[in-house]
Structures are given as structure tokens and as C-alpha cells.
Amino acid sequence: MAWVRTVRTASGSTAVQIAESVDGRRRIVRHVGSARDEAELGLLLAQARDMLADDAQGVLDLGMVVPQRVRSMASAPAAPTLFASSASPARVVTSRAHVLRTSSRPLFDALGCVFDQLGFDVVADACFRDLVVARVVEPTSLLDTDRVLADLGRAGASLSTRKRTLRRAQSGDWRDQIATACFAHARAVGDVSLVLYDVTTLYFEAEKEDGLRKVGYSKERRVDPQIVVGLLVDRTGFPLEIGCFEGNKAETLTIVPIVKAFQARHQIEGMVVVADAGMLSATNLRELDAAGLGFIVGSRQTTAPLDLTAHYRWHGEAFTDGQVVDTITPKHRRARPENDPHLRAEPMWTKATHPGSWRAVWAYSGKRFARDNRTLNAQEARARAVVDGEKAARTPRFVTTAGGARTLDEAALARARRVAGLKGYVTNVPVTVMSASEVIANYHDLWHVEQSFRMSKTDLQARPIFARTRDSIEAHLTIVFAALAISRTVQDRTGLSIRKVLRDLRPLRSATIEINGAIRTYPPAINPTQQALLEALTTPRARK
């Protein structure tokens, strides 16, 4: 038979234990904890009672078999009677303690503090604040958000109120207010002279397209209706602007509207925009330059032979690991190259001296060369297998078809091997402002925006599964945008991932307990590590 007992310790606290009687002998199965007051005692009693009733089959993880009668007693709502051990004074200790509810209120308060410190309280809507915090803690549907908020100790608004909040978020241009607050925060604690841009797609499990959700290019090779989302962040990944486009819109057509909206909102000039090669188009670069903005974008490897004509002529095709060539590239494919291969020295780009070109930086890496060669070898083997008829597949790279016969494109393969190991960058920032190494380093900061997208898709579950109309989708993205800003701030202040922070702090639960008819709420016991984490969360600091 198993029961719960208490023991007065030498320090004056009360130890709660689970004991059992085997063959007439008593033994301690589990020490549940020690209570210093009536509140902690009530919590430990409830925990011990739950442990006794935990296993529906009658077998506890404590390793003992509990008879049905004892399980019924353990799960009964009545307060248990506590037995003193033989070593303690011979008296029975009784107490009526009932835990009414527990909540992770410290976590909600900490995240709410971050919300306010970012300036998001400018929206002045408690329901919006609740939706953003709930999205950070546990992304779920609008209906299920009530459960999350209750677990956080927050009395959630009704479902109809939450729906009205989303409508106000769209009609009231709350995203503009959130974006303005994000910019002010980023400028106060860091640097906004350089911003990073990238796009992603979010798909819908819908049968038909509409004005926004359309079938388009998908990196995941999906044929479902989708939307295209563009995200602008600072060099640390903190979000500054977000935009939503039709699912069939080309990625290259998204960067200019987002950047121009950001520029107009904050009245800034001299900013440098960094984007990957997918954003590289003559029109984009021309419009960014005309707007007075600098840019750094990835260059396509196929342009290397033209850009490096003079280098190949004077230095051959051999490169050393880490070698950088600072030269120029034509603004248009059909433009006449301004790079004279008869001159040994590479030209130094300026707008005045090279009006038909952009600055191009090419860097060689031994690791990239080895990786490119492995890829080319695999592609060559696949192409030869298709040409020899050993493999039936769609026409792979380096295979040409003429008159129904397939042949290996030796010339294309040779051109690809010639530029293996090279990575190019196109910019309109002169070398007097930014060195070649700085151009490369700034471009490689793009991993921050990619990380922000991963956080949005995984931790925040940005895909609007339950949204159908454009307004509801836009409002959902506003919630995600604000939640992403909070998540990035939490990670920046603590040095931990948002998942780790939630795992450490969500178990901190305050308890509302009824003890002998009196109802009191008690804060959780916080260890030094958790206290340091809470202090880091609520203490603003400048970025390094």
C-alpha cells in the first residue's frame, strides 16, 4: 500500500514523501520536495497526489504496483491526511490545500516587457499584444490561442474580439506603426546603413487560386496556391519591413517596392541594400541606383569569363586561395564592355569613369573550387549516362540534343570548370567607400535574413493556414512580423535560441491555491540561472 506522508526536518521545513508498505515494512519510494510554507506544501501535496494517480494501469514510474483502491484514494478531490514518520513527533499533520490554477505568468510578463521596450505599445491594443506574445510562445490557430493565453495567466479576449483585432490591424495600418518602431529600435541599438533582403513563399492547401494566392515558382516544387513574402532586415537579422505579393510574382519584382516603401517611410538616403543573385536584374539595379541607394548583389558565375577577361589574359586561369579581383561588369548583357583587356591593371570603378558598368568583385576559394568540382563531376557522369543510353531521364546539364541524338556539351563543361571556385558580387559602392573585402563580408551577412525566415517558418509557423482573404493574410503577417522582432530581440539579449528560452522559462509557474478556505497566489521559485535569464530579457542593451 502506498501513501503520502510529511516529515518535519531539522531546518523547520516539511518534507513531502511517497511511502509504501511491503511485507509489513515501510520504505520511502520518492522524496517529492520540501515546503517552507503552507503554499509550497499545498503544491507538493498536489504533485504527490498526481504521482500516485499518474498511471492508468496501476504501475507508477516509481516502480511499485498500486492497488486500484489506493489509486482511487490518490485521485480523489478530498485533501489528503499527512502522516508523520516514526522519527518525527508522534502527531498527525492535516491541511486542506487545493491548487486552483497555475500559469507561466513570469514568461508572459517578460515577453510583454520586450514588446513594450520595442515600442510596439504604440498600437495600444491589449488583444494585439496578447496575440503577438502567444505567437512567440506557441503558434496556433486563432481559436486555440485562448488556451495558450490561459496557460500564460492571461484572460484572453473572446474569439470575436480577436477577429475584430485582426481587422483593425489591417484597416488601422498597424504594420506601419510596428515597422516604424522596429526602425527606431534598430537605429538606437545598432546600424541601419546596410539592410538585407530576401524572399520566400508560403503555400496554402487550397483547391482554387484567387487574386493573391496563386500557383507560381516554388523552391519546394509545390503546385499549391501560394504567396510571395519579402523581408527586409538589418545586418543582425532584426526585421525592418515585410511585404506580401501574389504567388506568381517573380522574385526580382519584389525588392524595389519593399525597399522604396522602407525608404519613403523613414526618409533615408545613402543606405546599402544586400540581396542574393536571384534579385539580380538590370531594371532592379538601375532603379535602386536612381533612388540614391547603394546595393550589393550576388553575380552569376557565367559572367566571370567576361568580367575577368583582362585577368585571364595577363595572369592565366590559375587563382590562389583567397584571391580577390576588383573590376567592372557591363550593366546590360548586350552593352559594350568597358574593361580593356589590353591593360594589365584592373579598372577602378566610378560612376563618372564607367557609366555603362557596375563594380564587380570576384573572390576565389579553394573550398568552393573543390565543392564546385564535385558537383560538376556528378553532373558530367549523369550527362554521360544519359548520352550513352544507360539512364533514361530528362535532359540534364551539359547534354545537347540535335536530330534526335544526344551529345555531351564539352564546351559548356569546360566553361563551367574554368570558373569553378569563383564567387562574384556586383555593387555600385565605390572602392573609396567600401573595400572589396567589406563588400564580400557584407554580402555574406545574408545568412541573418535566411535565419529570420527559418524562425518565421518554424518557431513562429508563419504559414497562414487558417487565413483565406487578403486582409486576414496581411493581418496574420503583421502578427508574425512583430513576433519575429520579439524573438530576435530575445535571442540577441540572452544569447540563446528562442526555443531554449521558452524551455527554460515556461516551467516557471505561479500558483493560485486555496488553503483552509483562503485563496492566495504565489510566485514560482526561481533559481539563479532563470533569474539571470529574466533580467537579460528585460534589460535593453546595445549590440556589439
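Just so you know, the residues in each chain are numbered from 1, in the order the chain's sequence is written. It should be noted that, the model being predicted, local features are given only for residues of pLDDT at least 70 and side-chain atom pairs only at 80 or more, the latter also being counted only at that level, while totals for whole chains, interfaces and linings use all residues. Side-chain metrics in this entry use all non-hydrogen atoms of the structure; hydrogen atoms and water are not considered.

*Asks:* How do you make sense of the overall build of the protein when you look at a structure like this?
*Replies:* Counting from the N terminus, the helices are DSSP H or I runs at least four residues long and the strands are E runs at least two residues long. A tally of regular secondary structure across the protein gives 18 helices and 18 strands. Under the scheme applied here, a residue whose accessible area is under 20% of the maximum for its type counts as buried, over 50% as exposed, and between as partly exposed, the area being computed with a 1.4 Å probe on protein chains only. For the protein, buried positions account for 48% of its 544 residues. Contact between two residues is taken to exist if any of their heavy atoms lie within 4.5 Å; hydrogens are not considered. A sequence separation of at least 24 residues applies to 64% of the contacts in the protein between residues at least 6 apart.

*Asks:* What exactly am I supposed to notice about the pairing of strand E16 (residues 422-427) here?
*Replies:* One face of the sheet, then the other: side chains in a regular strand alternate in exactly this way. Within E16, 5 of the 6 residues are buried, which leaves the element mostly enclosed by the surrounding structure. Summarising the sheet, strand E11 (residues 294-299) and E16 pair through 4 bridges and their orientation is antiparallel. Paired with glycine 298 across the bridge in E16 is tyrosine 425. Following DSSP output, two strands are said to pair if at least two bridges run between them. Across 6 bridges, the pairing between strand E13 (residues 357-364) and E16 is antiparallel. Within E16, the position partnered with tyrosine 364 by the bridge is leucine 422.

*Asks:* I keep staring at the nonpolar core and nothing clicks. Help me out?
*Replies:* Core analysis: the biggest nonpolar cluster contains 108 residues, and Phe120, Phe128, Ile227, Ile255 and Ile486 have the highest contact counts within it. Broken down by element, the residue count for this core peaks at 12 residues, all from helix H16 (residues 470-494). Here isoleucine 486 is in contact with Leu111, Val114, Phe115, Leu118, Phe120, Val132 and Val136, once residues within four sequence places are set aside. Take the buried residues of types Ala, Val, Leu, Ile, Met, Phe, Trp, Tyr and Cys, join any two whose side-chain atoms come within 4.5 Å, and each joined set is a nonpolar core. Val16, Leu41, Leu45 and Met51 belong to the second-largest nonpolar core, a separate cluster that totals 13 residues.

*Asks:* I keep staring at helix H12 (residues 366-387) and nothing clicks. Help me out?
*Replies:* One turn of the α-helix equals 3.6 residues, which is why residues spaced by three or four share an orientation. One less than the number of residues in a helix, times 1.5 Å, gives the span that helix is expected to have. The terminal C-alpha atoms of H12, which comprises 22 residues, lie 31 Å apart, in line with the 32 Å expected from a rise of 1.5 Å per residue. Residues Arg368, Asp372, Asn373, Leu376, Gln379, Glu380, Ala383, Ala385 and Val386 constitute the buried set of H12. Those residues of H12 that are buried are in contact with E13, strand E14 (399-402), strand E15 (405-408), helix H13 (410-418) and E16. We call two N or O atoms a polar contact when they sit within 3.5 Å, provided that within protein one can donate a hydrogen and the other can accept it, with sequence-adjacent residues counted only if both atoms are side-chain atoms. A side-chain oxygen of the first residue of H12 lies 3.3 Å from the backbone nitrogen of lysine 367; this N-cap is serine 365.

*Asks:* For this particular structure, what's the right way to read the sheet that holds strand E12 (residues 324-330)?
*Replies:* Two strands in a sheet stick together by hydrogen bonds in their backbones, pointing the same way (parallel) or opposite ways (antiparallel). What the 8 strands build is an open sheet, ordered E9-E8-E7-E10-E11-E16-E13-E12; its pairing is mixed. Edge positions in the sheet fall to strand E9 (239-246) and E12, since each has one partner strand and no second. Strand-to-strand, the axes of this sheet are offset by a mean angle of 25 degrees, without reference to chain direction. In terms of strand pairing, strand E8 (residues 226-234) meets E9 through 7 bridges, oriented antiparallel. Paired with leucine 232 across the two strands is glutamate 241, which belongs to E9. As a rule, the C-alpha atoms of each element are fitted with a line to give its axis, helices using only the stretch in contact, and angles between N-to-C directions run from 0 to 180 degrees. Each of strand E7 (194-203), E8 and E9 touches H16; the most contacted strand, E9, lies at about 155 degrees to it.

*Asks:* Just to check I follow, could you spell out the packing of aromatic side chains for this structure?
*Replies:* When we look at a pair of aromatic rings, we describe it by the centre distance and by the angle of the planes. Between rings of Phe, Tyr and Trp, where Trp is taken as its six-membered ring, a pair exists when centres lie within 6.5 Å; planes separated by under 30 degrees are stacked, by over 60 edge-to-face, and by other angles tilted. In the structure shown here, the tally under the stated rule is 9 aromatic pairs. When the ring of phenylalanine 115 is compared with that of phenylalanine 120, the centres are 5.5 Å apart and the planes differ by 80 degrees; the resulting orientation is edge-to-face. Classification of phenylalanine 120 as buried rests on a relative accessible area of 0%. Considering the side-chain rings of phenylalanine 319 and tyrosine 364, the 5.5 Å spacing of their centres and the 15 degrees angle between planes classify their relative orientation as stacked. Of this pair, phenylalanine 319 sits in the loop between helix H11 (309-315) and E12 while tyrosine 364 sits in strand E13, and the two are 45 residues apart along the sequence. Like phenylalanine 319, the residue tyrosine 364 is buried in the burial classification.

*Asks:* Would you mind showing me how to read unusual backbone geometry here?
*Replies:* Backbone geometry follows two general trends: most residues other than glycine have a negative phi, and most peptide bonds adopt the trans configuration. The phi dihedral of alanine 124 falls on the positive side, at around 55 degrees, and the residue is not glycine. In this fold, alanine 124 is placed in the loop between helix H3 (105-117) and helix H4 (126-137). Residue class for alanine 124 comes out exposed when judged on its relative accessible area of 69%. Even without being glycine, aspartate 173 reaches a positive phi, approximately 55 degrees. Note on placement: aspartate 173 falls in the loop between helix H6 (159-171) and helix H7 (174-189).

*Asks:* In this structure, what is going on with the confidence of the model for the protein? I would like to understand it.
*Replies:* The predicted structure's coordinates, where accompanied by low pLDDT, should not be read in detail. Overall, the predicted model of the protein reaches an average pLDDT of 84, with 90% of residues at or above 70. A low-confidence stretch, residues 55-94 (pLDDT under 50), is modelled with 62 contacts involving residues beyond four sequence positions or located in other chains. pLDDT expresses, on a scale from 0 to 100, how confident the predictor is about each individual residue.

*Asks:* Mind showing me how you'd approach the side chain of arginine 488 here?
*Replies:* Looking at the secondary structure, you find arginine 488 in helix H16. Note on charges: Lys and Arg go in the positive column, Asp and Glu in the negative column, and His and the chain ends are not counted at all. Salt bridge, as applied in this entry: a Lys or Arg side-chain nitrogen positioned within 4 Å of an Asp or Glu carboxyl oxygen. Buried and unpaired, arginine 488 has no salt bridge, with aspartate 234 as the nearest side chain of opposite charge at 6.9 Å. The contact partners of arginine 488, leaving out residues within four places of it in the chain, are Thr236, Gly237, Phe238, Pro239, His448, Gln451, Ser452 and Met455.

*Asks:* Sorry if this is basic, but what is going on with the packing of H12 against H13 here?
*Replies:* The axes of two packed helices give the description: the angle between them and the distance between them. In contact at an axis separation of 11 Å, H12 and H13 are set at 170 degrees when each is read in the N-to-C sense. By the criterion of interaxial angle, the relationship of H12 to H13 is roughly antiparallel. On H13, the residues that touch Asn373, Leu376, Asn377, Glu380 and Arg384 of H12 are Glu410, Leu413, Ala416 and Arg417. Each residue gets one of three labels, nonpolar for Ala, Val, Leu, Ile, Met, Phe, Trp, Tyr, Cys and Pro, charged for Asp, Glu, Lys and Arg, and polar for the others, Gly among them. Looking at side-chain class alone, the contact of H12 with H13 contains 3 nonpolar, 2 polar and 4 charged residues. Here is the rule for angles: anything less than 35 degrees is roughly parallel, anything more than 145 is roughly antiparallel, 65 through 115 is roughly perpendicular, and the remaining ranges are oblique.

*Asks:* What is the right way to read the pattern of salt bridges from this model?
*Replies:* For the coordinates displayed, the defined rule picks out 27 salt bridges. Of the charged contacts in the structure, one is a salt bridge between glutamate 138 and arginine 506, with a shortest N-O distance of 3.1 Å. Linking glutamate 138 in the loop between H4 and helix H5 (145-151) with arginine 506 in the loop between helix H17 (498-505) and strand E17 (510-515), this pair joins segments that are 368 residues apart in sequence. By relative accessible area, which is 23% here, glutamate 138 ends up partly exposed. Note that aspartate 210 and arginine 213 form a salt bridge whose closest N and O atoms lie 2.7 Å from each other. Beyond isolated ion pairs, a larger network of salt bridges with shared partners links Glu138, Asp144, Arg147, Asp151, Arg506 and Arg509.

*Asks:* How should I be thinking about the environment of proline 305 in this particular structure?
*Replies:* Topologically, proline 305 is positioned in helix H10 (residues 304-307). Separated by 113 residues in the primary sequence, proline 305 and arginine 418 place their C-alpha atoms 8.2 Å from one another. Each residue touching proline 305, except ones within four places of it in the same chain, is listed here: Tyr312, Arg418 and Val419.

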